[in-house]
Amino acid sequence: MDRDSINIEEIVKKVLAGMSEQGSMTVSSAQGEIPKTARVAMLTGLESFTIKEYPIPELGDNDILVKVEGCGICGTDAHEYKRDPFGLIPVVLGHEGTGEIVRMGKNVRKDSAGKDLKVGDKVVSCMIFKDNPDITMFDLNKQNVGGADVYGLLPDDNLHFNGWFADYIVIRGGSTIFNVSDLDLYSRILIEPCAVLIHAVERAKTTGILRFNSRVVVQGCGPIGLICIAVLRTMGIENIVAIDGEQNRLDFALELGATKTVNFKEHQGLDALTAAVEKSYGGHLADFAFQCTGSPMGHANIYKFIRNGGGLCELGFFINGGDATINPHFDICAKEITVVGSWVYTLRDYATTFDFLKRAKGIGLPIDKLITHTYPLQEINEGLQTNLRMDGLKIAIINK
Ligand SMILES: [Zn+2]
């Protein structure tokens, strides 16, 4: 295994080295069905996508043209759509996308894991390491995606095909790309959010507290909490209690592997809620908890559900959601709680996610049901509004 990793790492380094040279504009062309122009959904103002049509650009020798099949709408897209906190407008959003290679520059041979790439392969992209092409998925302890660029969160430029809410996307040399032809469309759309949970569980494992027989609490049953449950169940953890205030989400949590649920709306006050959690474990507190809500109150409360010497992984705050008040003596010191934070993922977690998705389906978890609504590209504003109303779980744009 180690030797294979080294060999693959060599290949990846060669591929990335090749990618950083800018060569002529020759392309090894596909079936010849590629149109001259194609659409992108450009966010041109707050809560306003405009469908724009641009010429498909010539490819460099290290570039890849991908025909987009679909892309999930992320919470980050919703924040950008509503408030533009990153100041990206005008921008083509969409980073949870996947599609088929229709044309490749002549230098492109392998994906970021050393797998062959050819026209017709289904792919996803991950990070873009413009400034540090030496980073590969085999470097442990390297930065998570928070330090890198990602397609779908790049400012508009003269190519325009920078995000997955589009008919086509141009994956430029120096980007990471994975051949995921062995995964179906919905699985491929779910890779990005699932990688967040693979990373969180890896972070949780560093505490040494999370074991097969652990009693685990997952608080918050939005897409992140639900996928958390599926990841835990897929890795063999049996005793999972899900907490949320929406009964339909709790019902789905059971389908995805939770053993018991607690609806916080049925319990008045923190003591009563803690007692309900304790009761669901037959009179025990949790060994480990995952905090998956974006609510500061959710963070403040969760310590009460954890036993002395237990652990907590906080992953609910992708963006600044405000301050939480805890009591350091009672919540952390006296109970000797080990706390880890988790944010996005590493390149290596991305590759682990492909196997997770296959295993989750293998044990019968209905992962596809996380995608509750789909819209065509021209109805992307409706898709975002559905996301903002929090009517469904994962909303996806599917191209026909
Ligand atoms: Zn995302």
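Residues numbered from 1 in each chain as written. Predicted model: local features only at pLDDT ≥ 70, side-chain atom pairs only at ≥ 80, totals over all residues.

**Things to note about the packing of helix α3 (residues 185-205) against helix α9 (residues 347-362)**
Argument step 1. At a closest axis distance of 8 Å, the pairing of α3 and α9 adopts a crossing angle of 110°. Overall, the two elements α3 and α9 adopt an arrangement that is roughly perpendicular. Where α3 crosses over α9, the handedness of that crossing is right-handed. For the pair α3 and α9, the contacting residues are Ser187, Leu190, Ile191, Cys194, Ala195, Ile198, His199 and Glu202 in the first and Asp349, Tyr350, Thr352, Thr353, Phe354, Phe356 and Leu357 in the second. (Axes fitted to C-alpha atoms, helices over the stretch in contact; angles between N-to-C directions. Helix = DSSP H or I, 4+ residues; strand = E, 2+ residues; numbered from the N terminus. Parallel < 35°, antiparallel > 145°, perpendicular 65-115°, else oblique. Left-handed = near helix turned anticlockwise from the far one by under 90°. Contact = placed C-beta atoms within 7 Å.)

**Description of the sheet that holds strand β5 (residues 91-92)**
Argument step 1. Across the sheet, which stays open at both edges, the 3 strands sit in the order β3-β2-β5 with antiparallel pairing between neighbours. Where the open sheet ends on each side, the last strands, each with one partner, are β3 (48-55) and β5.
Argument step 2. For strand β2 (residues 37-45) and β5, the ladder comprises 2 bridges, and the chain directions are antiparallel. Opposite methionine 42, over in β5, you have valine 92 as the bridge partner. (Pairing = 2+ DSSP bridges.)

**Describing unusual backbone geometry**
Argument step 1. Here the amide bond leading from isoleucine 89 into proline 90 is cis, since omega sits at 0°, within 30 degrees of zero.
Argument step 2. Although it is not a glycine, methionine 390 sits at a positive phi angle of roughly 55°.
Argument step 3. Tracing the backbone shows methionine 390 in the loop between α10 (380-389) and β18 (394-398).
Argument step 4. Assessed through the 10 C-beta atoms surrounding it within 10 Å, methionine 390 is described here as exposed. (Buried ≥ 20, exposed ≤ 12 C-beta atoms within 10 Å, placed from the backbone.)

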